[in-house]
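Observations on the model geometry
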Amino acid sequence: MGRGTTVAFHSYKGGTGKTTLISNLAALYAASGSRVCLLDFDLYAPSLMSYFKKIPTAYVNDLLNGEVDISRILVDVSAELELKGKLLLGFSSNKKEDVNAIEIKHELKWQLTAMRRFLSAKNQLFEQYGIEHLFLDTSPGIRYWSINALAAADNLFLVMKDSDMDIEGTMRMINDIYDSLVKFGSKFFVVLNKVPGASPIIENRFGADDTASIADFEKQIKSRVVGSIPCFCDVQFSKHEFLWAVKQPEHPFSKKLIEVAEAIRNL
Amino acid sequence: MKYEDVFPGSARLVEGALPPSSLLLIGPSGVGKTIFCKQFLYNGLIKGEGCLYVSTSESPDEIEQSMRNFGFEISSYKEKDLFRIVDCHSWKTGGASTSKWVVKNPGDLATVSINIENAIRGLNKIRMVLDSITGLTSTCSYNPTYLSKFLQIIVAKIRLLNGTAIFVVTPEAHDQQLLSYLREIFDGTLEMKEEDAGDEIKRLLRVFSIKGASHKTKWMPFEITNKGIVVKNDVEMRCVMCSRLIEQEPYVETVDGNPYNFDSAECASTYRKLKALYGDSFE
């Protein structure tokens, strides 16, 4: 069996639905029998812990600080979610002091040391845990741990919202960051999320199934859109959407995610 | 250009491609000669080469099982008739063998030679192992000249097929005169030894000589792992990206004019990405 692949989900701005998408996709892969690990690298505004409602004994932060081994941070949710495969989660700490500590650790020496610890952990995930798909949920924008996580990934997925899409800022980020990553081997794709069309929103640049507009957009960003997920009011305003793709597979949102998961698998 | 291992560690020990050769492998009992040879044959099998194993100490079933223990699965190659065994062992247990080529009296070197000739027929780009000269000579007393003649005939047959062969010998079982003869017969000599390193044994390998190839002559440490023999670096080398100890050939990539040792192409790629994004301050 070959080494697994690492995918990172990133966005220019927050609120694109990155964590919801990556969690559902990771769970879908695990539900189909794959060995999956999802790590929260949104160290500046962690949300995976509240999404899964888990309190781990150690965090990604502790791993990067060299205080614990990867085995200490992993939480196995496969059995409770009745997944055919394996889903291991690693959470970032949402404690104020931990988020602040990451914010002030800007010197490159620490970044490199922490990156080495992460890469060593990544080797362990593939070689000892037999992980086939490693998902990294990154911080939005251009920050140390969004760049580091993107650099460690094989495939990069930029999640964008249509309604508040900052094309100019996103294009700048693509030029500044993604182009360098692609030059050295990464593959970069776009996932459009919360696309108006499924719900009665009139002011839209393009609807979820507007393939002509998507083709134009792909030309503009010089990348491929691998998924266009409509904005569903019941998902958007749900008190706690939780792995609908696995738990409510008949919902149109879930069906769309299943399509995206398949598209990503076939890349 | 990166070369693949012909025998364990050859890509690191030999500069350039290893020419087709007949090699003498000298080492004490238990140092790892047999697994070294099995790995050499398996490296050939996975490249589609025909392999012949002349064994004096294991039955065909034992050979298959012991290879499987190191992850060298040979059953499919046996089915394709790429892996063949000249069985010089089963005479000890009455002669029943799963091999087509069974030597009932290894004391008769002519019979051994005929079996080898028959067994290599139809194989292309052959690899052969004779494991071992010591095992053959233990069955009766040979005149060194007669033994030398037998080995020279086998070497000549392998050379005609453009093949590579390893002949194993345990030096403590022979006198110096025979060992000197043996060094003359073959194209090169590989040596293995053991050293006491505190509470463990350190195993070492070196290329003493190989005709037509430039090679290192340093003793290199090696370990017998569950994936076979791993020849290690003589000095500790770590990946500049992930810091992992590089146990095999490093992945060397030049970044901004400086060569760096990486554990893998993936680490080299990550390093380049970070260097491109963080600039010169990233070291």
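Everything that follows concerns the structure shown earlier in this document.
In this report, the structure presented in the accompanying data block is examined.

What follows deals with the environment of A:Met173. Residues and elements named next belong to chain A. One can find methionine 173 in helix 8 (residues 167-183). Taking relative accessible area as the criterion, methionine 173 reaches 0% and is therefore assigned buried. Separated by 161 residues in the primary sequence, methionine 173 and tyrosine 12 have C-alpha atoms spaced 7.4 Å apart. Apart from the residues lying within four places of it in its own chain, the contact partners of methionine 173 are His10, Ser11, Tyr12, Gly141, Ile142, Leu158 and Tyr178.

A few words on the packing of helix 7 (residues 144-151) of chain A against helix 9 (residues 265-278) of chain B. Think of two packed helices as two axes; the pair is described by the angle between the axes and how far apart they sit. Axis separation between helix 7 of chain A and helix 9 of chain B bottoms out at 9 Å; the angle between their running directions is 150°. Taken as axis vectors, helix 7 of chain A and helix 9 of chain B run roughly antiparallel relative to one another. Regarding helix 7 of chain A and helix 9 of chain B, the two cross each other, and that crossing is right-handed. Here A:Tyr144, A:Ile147, A:Asn148 and A:Ala151 of helix 7 of chain A come into contact with helix 9 of chain B, specifically with B:Thr270, B:Lys273, B:Leu274, B:Leu277 and B:Tyr278. Taken together, the residues of the contact of helix 7 of chain A with helix 9 of chain B sort by class into six nonpolar, two polar and one charged.

Here we take up the nonpolar core. Counting residues in each nonpolar core, the largest one holds 68 residues, and the members touching the most others are A:Leu39, A:Phe41, A:Trp145 and B:Met241. Counting residues per element, this core draws most heavily on helix 6 (residues 108-127) of chain A, which supplies 10 residues. When near neighbours in sequence (up to four residues on either side) are disregarded, B:Met241 contacts A:Leu112, A:Met115, A:Arg116, A:Leu119, B:Phe262, B:Cys267, B:Thr270, B:Tyr271, B:Leu274 and B:Phe282. Membership of the second largest hydrophobic core comes to 42 residues, among which are A:Ile22, A:Leu25, A:Leu28 and A:Leu83.

Turning our attention to the layout of surface pockets. When its volume is computed, the largest pocket comes out at roughly 1300 Å³. Elements with a contribution of two residues or more to the lining of the largest pocket: helix 6 of chain A together with helix 1 (10-13), helix 2 (33-45), strand 11 (220-225), strand 12 (228-231) and helix 9 of chain B. Partitioning the lining of the largest pocket into residue classes produces 13 nonpolar, nine polar and 12 charged.

With that settled, the discussion passes to the pairing of strand 8 (residues 188-197) of chain B. Looking along a regular strand, one sees the side chains alternate between the two faces of the sheet. All names here are of chain B. Here four bridges tie strand 2 (residues 22-26) to strand 8, and the two strands are oriented parallel to one another. For isoleucine 26, the partnering residue across the bridge sits in strand 8 and is glutamate 191. Strand direction decides the pairing type here: strand 8 and strand 9 (residues 200-210), joined by 10 bridges, are antiparallel. Looking across to strand 9, one finds that lysine 193 is bridged to leucine 204. In this antiparallel pair of consecutive strands, strand 8 and strand 9, the connection spans two residues, and glycine 198 shows a positive phi of 70°.

Before going further, it helps to spend a moment on the pattern of salt bridges. Residue and element names in this part refer to chain B. Applying the stated criterion to the full structure yields 26 salt bridges over all chains. For the salt bridge of glutamate 49 with arginine 127, the shortest nitrogen-to-oxygen distance reads 2.7 Å. Of this pair, glutamate 49 sits in the loop between helix 2 and strand 3 (51-55) while arginine 127 is found in strand 6 (residues 127-131), placing the two residues 78 residues apart along the sequence. On the basis of relative accessibility, which here comes to 6%, the residue glutamate 49 falls in the buried class. Of the residues examined, arginine 127 reaches a relative accessible area of 3% and is grouped as buried. Among the ionic pairs, glutamate 64 bridges to arginine 68, the shortest N-O distance being 3.2 Å. One end of the pair is glutamate 64 and the other is arginine 68, both in helix 3 (residues 60-69) and four residues apart, which spans about a single turn. For glutamate 64, a relative accessible area of 11% corresponds to the buried category.

The rules we used
Residues numbered from 1 in each chain as written. Chains lettered and ligands numbered in written order. Predicted model: local features only at pLDDT ≥ 70, side-chain atom pairs only at ≥ 80, totals over all residues. Heavy atoms only, no water. Helix = DSSP H or I, 4+ residues; strand = E, 2+ residues; numbered from the N terminus. Buried < 20%, exposed > 50% of the residue type's maximum accessible area, 1.4 Å probe, protein only. Contact = heavy atoms within 4.5 Å. Axes fitted to C-alpha atoms, helices over the stretch in contact; angles between N-to-C directions. Parallel < 35°, antiparallel > 145°, perpendicular 65-115°, else oblique. Left-handed = near helix turned anticlockwise from the far one by under 90°. Nonpolar A, V, L, I, M, F, W, Y, C, P; charged D, E, K, R; others polar. Core = buried A, V, L, I, M, F, W, Y, C linked by side-chain atoms within 4.5 Å. 1 Å grid on protein atoms, 1.4 Å probe; cavity = no way out; pocket = protein on both sides within 12 Å on 5 of 7 lines; lining within 4 Å. Points joined across faces, edges and corners; volume = space filled by probe spheres on them. Pairing = 2+ DSSP bridges. Salt bridge = Lys/Arg side-chain N within 4 Å of Asp/Glu carboxyl O.

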